[in-house]
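Residues per chain, in single letters:
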Amino acid sequence: MSHLTSLRLSQFRSHVRAVLEPTPGRIAIYGPNGAGKTNILEAISLLSPGRGLRRAAPAELARAPKRLGWRVRAAVDGHEIETGAEGEQPRTVRIDDKAAPQVALGRILRVLWLIPSMDRLWLDGAAERRRFLDRIALSLEPTHGETVLTYEKAMRERNRLLRDQVRDPSWYAALEAQMATSGETLAATRQRTLDALAEAQEGAATTFPVADLALTDPDGAPFALDDFATRLAEGRPRDLAAGRTLAGPHRADLDARYGAKDIPARLCSTGEQKALLISLILANARAVMQRIGTPPILLLDEVAAHLDPDRRQALYGEIDALGCQAWMTGTDRELFAFRDAPGVILHVTEQDGVSNLEEIRSVK
């Protein structure tokens, strides 16, 4: 089972120094707002490719006011992973004391998260839902991130030509060919991801609702990417008028419906929307387990507070069934009154802008 066996933070946000030797299973972190609970989860999220659960720039992660630099170091499955940044420098990654690209992190560890800002997923714009789907896709196919970057880079170059009103077709040919190749791969990976989530939800014994998912165009029609290179070429006049590319996977949306009630997620109650999100994160974890045989690490920020006691215990039971190492935060210790399986509880306090950690119960 993939799980962190050690975690060390240095000059990371409110943590001057933190050293943890976590066990498998549930790890609950409680304390007042602003104490530094989410900072621990954010540090762990940076052990996967991307900008972490807050999408912060590297310089923003260092302790204020000096912001000289920060480090996160962890041990997992016999590997030592270190990531960090100095001053305004880009974030670096080292695996077993050797420099590595971020994509290499996805081959060692899969990290999934659910944070309060995601509660508006079904009400926000399509860009947030695409980012949500792409994170799931990345957890299943680590090369997906490179495909997205390739597509977006080519699209930015094409958009620059469009804004400059360049009309010579020869300037567009190579960029559109690259967009077509990477765009078709991107769209195919997203569809495989939706298929994997549907399979992971099918027949699962869970108290959380099933979400029916589909990719759609901006007008709500089913998303299609047939002969994308031709569509790009034929769409240049329209794109020139708009100054940007108006068709492609960067315009797709993730449509979700509450399966049992057959209503759009955006029309569900706040509680139902939260339950759908939890259901999808759990389905993502099951899909990862089915794909690679090892469960991911789960980061669940302030999730338990929004669940009634029975559903809260049901969530803990599903975590146990998956065999995940799950890091959960909350302001109230009673949220983590585990009825059955072992767990670890950490208390976080803050004084003068510095977070302090205390392990108050460890049951093994």
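Residues numbered from 1 in each chain as written. Predicted model: local features only at pLDDT ≥ 70, side-chain atom pairs only at ≥ 80, totals over all residues. Heavy atoms only, no water.

In the annotation of an unreviewed UniProt entry, the entry for the protein reads DNA replication and repair protein RecF, and the organism field reads Pontivivens ytuae. For the protein, the Sequence similarities (unreviewed entry) comment in UniProt is given as "Belongs to the RecF family." (UniProt positions renumbered as here; feature names shortened; annotations may be inferred.)

Next up on the list: the side chain of His-15. With respect to the element layout, His-15 can be found in strand S2 (residues 15–20). Take His-15: its relative accessible area is 1%, and that puts it in the buried class. In this structure the side chain of His-15 is engaged in a polar contact, spanning 3.0 Å, whose partner is the backbone oxygen of Gly-36. In this structure, His-15 is in contact with Leu-9, Ser-10, Gly-36, Asn-39, Ile-40, Arg-63, Ser-355 and Leu-357, ignoring residues within four places of it in sequence. (Helix = DSSP H or I, 4+ residues; strand = E, 2+ residues; numbered from the N terminus. Buried < 20%, exposed > 50% of the residue type's maximum accessible area, 1.4 Å probe, protein only. Polar contact = N/O pair within 3.5 Å; in protein donor to acceptor, adjacent residues only side chain to side chain. Contact = heavy atoms within 4.5 Å.)

Here we take up helix H8 (residues 309–322). The end-to-end C-alpha separation of H8 is 20 Å, in line with the 20 Å expected for 14 residues at 1.5 Å each. Of all the positions in H8, only Arg-312, Gln-313, Ala-314, Leu-315, Tyr-316, Glu-318, Ile-319 and Leu-322 are classed as buried. Lining the buried residues of H8 we find strand S3 (26–30), helix H7 (270–292), strand S12 (297–301) and strand S13 (325–330). Two or three places before Asp-310, at the start of H8, stands the capping residue Asp-308, its side-chain oxygen 3.1 Å from that residue's backbone nitrogen. Trailing H8 by a residue or two, Gly-323 shows a phi angle of about 75°, which is positive. (Expected span 1.5 Å × (residues − 1).)

Moving on to the packing of aromatic side chains. The geometry of an aromatic ring pair comes down to the distance between the two centres and the angle between the two planes. Counted by the stated rule, this structure contains two aromatic pairs. Ring centres of Phe-12 and Trp-70 lie 5.5 Å apart, and the angle between their planes is 70°; this geometry places the pair in the edge-to-face category. Here Phe-12 is found in strand S1 (residues 4–12), whereas its partner Trp-70 is found in strand S4 (residues 69–76), with 58 residues between them in sequence. Just as Phe-12 is buried, Trp-70 falls in that class too. For the pair Trp-122 and Phe-132, a centre-to-centre distance of 6.5 Å together with 75° between the ring planes defines the contact as edge-to-face. Note that Trp-122 is positioned in the loop between strand S8 (111–114) and helix H2 (126–140) and Phe-132 in helix H2, a separation of 10 residues in sequence. Classification of Phe-132 by relative accessible area gives buried; the value is 8%. (Phe/Tyr/Trp six-rings, centres within 6.5 Å; stacked < 30°, edge-to-face > 60°.)

Let us look at the sheet that holds strand S6 (residues 92–95). Strand order in this open sheet of six strands is S2-S1-S4-S5-S6-S7, and the pairing throughout is antiparallel. The sheet terminates laterally at S2 and strand S7 (98–99), the two strands that pair on one side only. As paired strands, S1 and S2 are joined by five bridges and run antiparallel to one another. Following the sheet pairing, Leu-7 is matched in S2 by Leu-20. The strands touched by helix H1 (residues 37–45) are S1, S2 and S4; relative to S1, the strand with the most contacts, the crossing angle is about 110°. (Pairing = 2+ DSSP bridges. Axes fitted to C-alpha atoms, helices over the stretch in contact; angles between N-to-C directions.)

Right, let's talk about the packing of H2 against helix H3 (residues 144–163) for a bit. Each pair of packed helices can be summarised by the angle the axes make with each other and by the distance between the axes. Interaxial distance between H2 and H3 falls to 8 Å at its minimum, and their mutual angle equals 135°. Accordingly, the angle class assigned to the pair H2 and H3 is oblique. Taken together, the residues of H3 that come into contact with H2 (itself represented by Asp-134, Ala-137 and Leu-138) are His-144, Gly-145 and Val-148. (Parallel < 35°, antiparallel > 145°, perpendicular 65-115°, else oblique.)

Moving on: the UniProt feature "binding site: ATP" (unreviewed entry) in the protein. The UniProt record marks Gly-31, Pro-32, Asn-33, Gly-34, Ala-35, Gly-36, Lys-37 and Thr-38 with the feature "binding site: ATP" (unreviewed entry), using the residue numbering of this structure. When you line up the elements, Gly-31 lands in the loop between S3 and H1. Residue classification places Gly-31 among the buried positions, given a relative accessible area of 1%. If near-sequence neighbours (up to four positions away) are discounted, Gly-31 is found in contact with Lys-37, Gly-330, Thr-331, His-347 and Val-348. Note that Pro-32 resides in the loop between S3 and H1. Judged by its relative accessible area of 45%, Pro-32 falls in the partly exposed class. Once residues lying within four places of it in the same chain are set aside, the contact partners of Pro-32 are Lys-37 and Val-348.

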